[in-house]
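Chain residues, written in single-letter form:
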Amino acid sequence: VADHEEEKVELDGEMLCSVELEFEPQNQQRSPSGNRTSWSTPLDDACETHHDVSDIEQGVERLLSPRSGLEVDDSTHVLETMREFADMVHTQHLISATLVDEEPAVEATPLQDETSDVEVEKRRNKRLKRWFGIAVVVFMAILATIMLVNRSRRENDTDSAELAPNAVKTYDPTLIKVRNAGTLACGLPERGWVGWNVFNEDSGEREGFSVDLCKAVAAAVLGLDYNIVMKEYSFSERFIALAEREIDLLMFGDTHTMERDFYEPGAKVGFQFTEPFLYDGMGFAGLPEYVQCADDIDWSGNCQGLIICVQEATTHPGHLNNRFPIRYVLSCKTREEFYRFFVEGKCNVIAGEQNDIAEGAVNDAGYVGDYLVGDVLLSKEPLAMVTRSGEQSWSDVANWVLRALFLAEKMNITKANAGEFASLVPANAPDGIDFVTAIATVGHYGDMYERNLEQLVPRKGLNRLYKDGEDVETGLLYSLPLGDVNSDFRYDLASKGRMKEILARGSVRCGIPEKYKKMGEDIFGVDDYCRALSASMFSADPTLVEYVFLSDHDGDWLKLLNEGIVDVVAGQNDNFRSDVRESDVEASGYTGLVFTQTYYYDESGEGLNDQGIGKQYALATSPNDSDWSKFVYWIVSGSFKAEEDGITQEEYMEVEEVSLLGPTFQWMFRGAIFGVGNYGEMYAHDEVHPPRSGKNLLNGDKGPMFYPSQF
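**Comments concerning the packing of aromatic side chains**
Any pair of aromatic rings gets described here by the distance separating the centres and the angle formed by the planes.
Part 1: Per the counting criterion, the structure on display carries 42 aromatic pairs.
Part 2: Between Phe262 and Tyr491, the aromatic rings sit 6.0 Å apart at their centres with planes inclined by 45°, giving tilted as the arrangement. You can see Phe262 sitting in helix H8 (residues 258-262) and its partner Tyr491 sitting in the loop between helix H16 (445-452) and helix H17 (497-505), a full 229 residues away along the chain.
Part 3: Classification of Phe262 as buried rests on a relative accessible area of 2%.
Part 4: Aromatic pair Trp400 and Phe711: ring centres 5.0 Å apart, planes at 75°, arrangement edge-to-face.

See the structure below:
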């Protein structure tokens, strides 16, 4: 149908008795059935049935009504088009059409000027009768199309993308859903990804690191009789599948970034991440002469033939776009295409994480020839399990399964002696998480790595277990990558929950354990991070803090956080009993504090448990507001990053700005460094703790990063 405003048209006397509608999304979002949907229907009844204009308008109003029960992400755009169509029929601005069941196609032609007014009126009434019927059927077709492509249309403005309150579906917490179904649904990379998801024809089972992680979590929450469903996705599909609840846990090996915490571009929502289960980085591999060109970031002279293949919908294209002109970069839609293009010679270098570009993976894809893996890493890629945002207890359970695998390796507990792990879990720890069965199913972390990845990428560097007394030259402080946080404003954090309350109040309420009150004014990690939060929120002003000293007599600190008596607690030990506890109130059955990265490892010996693991101090927040918890998390990580980058308090203007969360937080990192300095500067203010050493040093991208936590 085409719009010919104010023209009088007819169909040369032909009666249109069928219509075909084809819908193609205007963005690149993938719909469940592909990128194009067709629908057709006969209109025999419509040819003989008269419909008033009011019928069309009332039908549109019914579709726009919340009572229609449309379960779509955003139908506004399509429904507005339908309303315009009704107006168009009403005023007869049209018409162009095609007869589906007859040839040739019949197009609308303007009426000639000599036609009498009477004839014009007759033809007008005739056309109205036809088009009112057609309009009704077209509306039905569009409605059907909306339901088919609801994943393919999302509004760029996140505020307008929210459903009306009575159209929002509520779901059981994922942990309860998994237990009720007796099955865990894991999202995995496409089959054939060596080391991660391959089919063993001898055993008839799938194998890989992602598969083992899925089994470990399933065994922990479901026991020996666990069931798993492993669903495979491409890079562009995986986050959408998790957001739309097709899976319970994403085991793709995804980089944890600040951007993805708040707003992942493909799914247009934020997510939650466990601690990293693998530390990786983007590098180059391929034909030796061109790998050297890529390492040197050189495309001149003998390097003019350089072509780099990279997988889209990952963090990798952004790293390349900042370093190479686009003509030297070839984007690949799938992992299969990524390897095939290299094998076919369409590119001479591939860019990816070390497990992506390992020679074994490329040989498995069919490549035979000279091959070199470069020496340069252009990025940090801490890979983690991913859950939906707002389901803190489920993320915590997955995280503690991972921590149990690290502890089992430290204590040399494998499949064979998995029962010994039970003695490591305190008697007063929450029930319902079967760590013993998880370890009996997959072994400890080192077993998993040896079985799946060792032949591909030998275990070294950050992916080793930190050993007390041996790894004294490197620490455990490591900032996570931010992602694309400074290109545009996509998430209005200032209007959300606890953040909105704090901004309106004009101060941060910082809870401090009373024991610190007697230690002096400058206590590292307590006063400093409270002031850093103030400076990050209130235009670089570190003074807007209300200190609330907490004693054991104050009762449950989690309750104080949930009720807003305090916004954050500093100096809290991150252990299993604090992080995961049973709850009669929460639907998941669990609750607990939410912790940032550890900012201080107690190496004094006073806080060691029976396994020789010391206390690990972090900031703690309520589980009821994931946005606020994430913000606090990234302020701590940002203090590590500033020291890694060599940016001091005096050099605060060199700190990266943030556009992602809106103008209020453009200076969130810059303000924090202006207010209190980087991590090293904060530690230097300390009057209580011993000189900085061991685990409290920066990692430097070389030393081991895996260290168990206290149970």
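**Let's talk about the pairing of strand E13 (residues 308-311)**
Part 1: Burial along E13 is two-sided: the face carrying Ile308 and Val310 and the face carrying Cys309 and Gln311 are both buried.
Part 2: Pairing analysis gives four bridges linking E13 to strand E14 (residues 329-332), with the strands arranged parallel. Counterpart to Cys309 in the pairing with E14 is Leu330.
Part 3: Each parallel crossover has a hand, and the one from E13 via helix H10 (residues 316-321) to E14 is right-handed.

**With respect to the sheet that holds E13**
Part 1: Read from one edge to the other, the open sheet built from five strands follows the order E14-E13-E15-E12-E16, with strand pairing classed as mixed. Strands at the two margins of the open sheet, each flanked by one partner only, are E14 and strand E16 (372-373).
Part 2: By the bridge criterion, two bridges tie E13 to strand E15 (residues 349-353) in an arrangement that is parallel. Note on E15: the bridge partner recorded for Cys309 is Ile350.
Part 3: Its contacts with the sheet place helix H9 (residues 288-295) against strand E12 (282-286), E13, E15 and E16, and it is angled at close to 155° to E12.

**Observations regarding H16**
Part 1: All buried positions along H16 are accounted for by Tyr445, Gly446, Met448, Tyr449 and Asn452. When H16 is viewed along its axis, its buried side chains cluster within an angular range of 160° and face the same direction.
Part 2: Looking at the buried positions of H16, the neighbouring elements they touch are strand E7 (205-207), helix H6 (209-222), strand E11 (278-280), helix H14 (392-410) and helix H15 (435-442).

**Quick notes on the nonpolar core**
If you look at soluble globular proteins, the nonpolar side chains tend to sit buried side by side.
Part 1: Met258, Ile350, Phe421, Tyr599, Phe631 and Leu661 are the most contacted members of the largest nonpolar core, which has 147 residues in total.
Part 2: Sorting elements by how many residues they give to this core places H14 first, with eleven residues.
Part 3: Non-local contacts of Leu661, meaning those with residues more than four positions away in its chain, are made with Met258, Phe262, Phe489, Tyr491, Asp492, Leu493 and Met668.
Part 4: Core analysis: the next-biggest nonpolar cluster, separate from the first, contains 16 residues, Val291, Cys293, Ala294 and Phe324 among them.

**Points about the state of the cysteines**
Part 1: In total, this model carries four disulfides according to the counting rule given.
Part 2: Shown here is the disulfide that connects Cys186 with Cys214, its sulfur atoms set 2.1 Å apart. Here Cys186 and Cys214 share a disulfide; its torsion about the S-S bond, 90°, makes the bridge right-handed. On the criterion of sequence distance, the pair formed by Cys186 in strand E5 (residues 183-189) and Cys214 in helix H6 is long-range, its members being 28 residues apart.
Part 3: Judged by its relative accessible area of 0%, Cys214 is buried.
Part 4: Shown here is the disulfide that connects Cys309 with Cys347, its sulfur atoms set 2.2 Å apart.

**What about the packing of H6 against H14?**
When two helices pack together, you describe them by how their axes are tilted relative to each other and by the distance separating the axes.
Part 1: Look at H6 against H14: their axes get within 10 Å of each other, and the N-to-C directions meet at 110°. By the criterion of interaxial angle, the relationship of H6 to H14 is roughly perpendicular. Every pair of crossing elements has a handedness; the one defined by H6 and H14 is right-handed. For the pair H6 and H14, contact is made by Leu213, Ala216, Val217, Ala220 and Val221 and by Trp394, Val397, Val401 and Leu405, respectively.
Part 2: Broken down by class, the residue content of the contact of H6 with H14 amounts to nine nonpolar, no polar and no charged.

Reading the values: the criteria
- Residues numbered from 1 in each chain as written.
- Predicted model: local features only at pLDDT ≥ 70, side-chain atom pairs only at ≥ 80, totals over all residues.
- Heavy atoms only, no water.
- Phe/Tyr/Trp six-rings, centres within 6.5 Å; stacked < 30°, edge-to-face > 60°.
- Helix = DSSP H or I, 4+ residues; strand = E, 2+ residues; numbered from the N terminus.
- Buried < 20%, exposed > 50% of the residue type's maximum accessible area, 1.4 Å probe, protein only.
- Pairing = 2+ DSSP bridges.
- Right-handed = clockwise from strand over helix to strand, strands pointing away.
- Contact = heavy atoms within 4.5 Å.
- Axes fitted to C-alpha atoms, helices over the stretch in contact; angles between N-to-C directions.
- Arc of directions from axis to C-beta.
- Core = buried A, V, L, I, M, F, W, Y, C linked by side-chain atoms within 4.5 Å.
- Disulfide = S-S within 2.5 Å.
- Parallel < 35°, antiparallel > 145°, perpendicular 65-115°, else oblique.
- Left-handed = near helix turned anticlockwise from the far one by under 90°.
- Nonpolar A, V, L, I, M, F, W, Y, C, P; charged D, E, K, R; others polar.

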